[in-house]
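Observations on the three-dimensional arrangement
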Amino acid sequence: MASWQDLERDFDEFPAKVKARFEAGTNKTIATLRRDGSPRISGSEMKFDDGEITFGMMDGSMKLRDVRRDPRIAIHSPTLEPPADHPESWPGDAKLAGRAVEVPPPPDTPFADAGFFRVDIAEVSLTYVGVPADHLVIESWDADHGYRRRTRK
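As the structure is a computational prediction, the values presented were derived from the model and not from experiment.

Another aspect to go through is the overall build of the protein. The secondary structure content of the protein amounts to 3 helices and 9 strands. For the protein, the succession of helices and strands along the chain, N to C, is α-α-β-β-β-β-α-β-β-β-β-β. Taken over C-alpha atoms, the radius of gyration comes to 16 Å for the protein, in line with the 15 Å a tight globule of 153 residues would show. Partitioning the contacts of the protein with sequence separation of at least 6, the portion at a separation of at least 24 is 53%. Split by element, the accessible area of the protein, about 8,800 Å² in all, is 50% carbon and sulfur. Charge centroids of the protein, computed over 22 positive and 27 negative side chains, lie 5 Å from each other.

Written as structure tokens, this is what we have:
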């Protein structure tokens, strides 16, 4: 597992591109695991804060119950459509997976019963259309393989 700060320290361009994809819109999609192990997807907000990826969940929400029971999560960046006339100019989409680690609520929060988390990152990926626009480029990092860049036609 790694923190966001670890990735920023070890790599230059890759974390900056991933962060830009996540910051392209407010609403991300988070996947959690239900009690029976099946996936649940929900809208969520997250931010990059002091070298960490952080997010919160409302008290009583199903995703908060999921994460407190099983901290494994995946988060997808906001989805942006590739331009039809120039798909290679699409910035792509990003995903990350890891574990949600509960942290104390901020001292000034009016939501003391909410859940506040940081992410211990297991994997990160960025997918976009290459130049020429006849292939996909997949950049990724995970603890077993480190950084990789692959193409797929």
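The next subject is the packing of aromatic side chains. Tallied over the entire structure, the rule returns 5 aromatic pairs. Through successive ring pairs, a cluster of aromatic residues spans Trp 4, Phe 22 and Phe 48.

When we look at burial in helix 2 (residues 13–22), the residues that qualify are Phe 14, Pro 15, Val 18, Arg 21 and Phe 22. The buried residues of helix 2 all sit within an arc of 120 degrees when viewed along its axis, so they share a single face.

Let's shift gears to the pairing of strand 7 (residues 115–129). On a regular strand, one side chain projects to one face of the sheet and the next to the other, so that they alternate. When you tally the buried positions in strand 7, you get 11 out of 15 residues, the bulk of the element. As judged from the 4 bridges shared by strand 4 (residues 52–57) and strand 7, these two strands associate in the antiparallel manner. Pairing of Gly 56 across the sheet is with Phe 116, part of strand 7. Summarising the sheet, strand 6 (residues 93–102) and strand 7 pair through 10 bridges and their orientation is antiparallel. Among the inter-strand pairings, Lys 95 is bridged to a residue of strand 7, identified as Ser 125. In this structure, the hairpin formed by strand 7 and strand 8 (residues 136–142) is closed by a connection of 6 residues.

On to unusual backbone geometry. The omega torsion of the bond from Val 131 to Pro 132 falls at 0 degrees, within 30 degrees of zero and hence cis. In this fold, Pro 132 is placed in the loop between strand 7 and strand 8.

A separate point is the pattern of salt bridges. The final tally for this structure, using the stated rule, is 11 salt bridges. Arg 9 is the salt-bridge partner of Asp 6, the closest N and O atoms lying 3.2 Å from each other. Placement of both Asp 6 and Arg 9 in helix 1 (residues 4–10) is noted, with a separation of 3 residues, approximately one turn of the helix. Look at Asp 6 and you get partly exposed, because its relative accessible area is 22%. A salt bridge links Asp 10 to Arg 9; the shortest N-O distance between them is 3.3 Å.

This part covers helix 3 (residues 62–69). Listing the buried residues of helix 3 in full gives Lys 63, Leu 64, Asp 66 and Val 67. Seen from one end, helix 3 has its buried residues packed into an arc of 160 degrees, which puts them on one side. The secondary structure elements touched by the buried residues of helix 3 are strand 1 (28–33), strand 2 (39–44), strand 4, strand 5 (72–76), strand 6 and strand 7.

Of note, Pro 83 is situated in the loop between strand 5 and strand 6. Taking the relative accessible area as the measure of exposure, Pro 83 reaches 29% and is therefore partly exposed. In contact with Pro 83, not counting residues within four places along its chain, are Ser 89 and Trp 90.

Conventions and cut-offs
Residues numbered from 1 in each chain as written. Predicted model: local features only at pLDDT ≥ 70, side-chain atom pairs only at ≥ 80, totals over all residues. Heavy atoms only, no water. Helix = DSSP H or I, 4+ residues; strand = E, 2+ residues; numbered from the N terminus. Rg over C-alpha atoms; globule rule 2.2 N^0.38 Å. Contact = heavy atoms within 4.5 Å. Areas by Shrake-Rupley, 256 points an atom, 1.4 Å probe, with all protein chains shown as cover. Lys, Arg positive; Asp, Glu negative; His and termini not counted. Charge placed at Lys NZ, Arg CZ, Asp CG, Glu CD. Phe/Tyr/Trp six-rings, centres within 6.5 Å; stacked < 30°, edge-to-face > 60°. Buried < 20%, exposed > 50% of the residue type's maximum accessible area, 1.4 Å probe, protein only. Arc of directions from axis to C-beta. Pairing = 2+ DSSP bridges. Salt bridge = Lys/Arg side-chain N within 4 Å of Asp/Glu carboxyl O.

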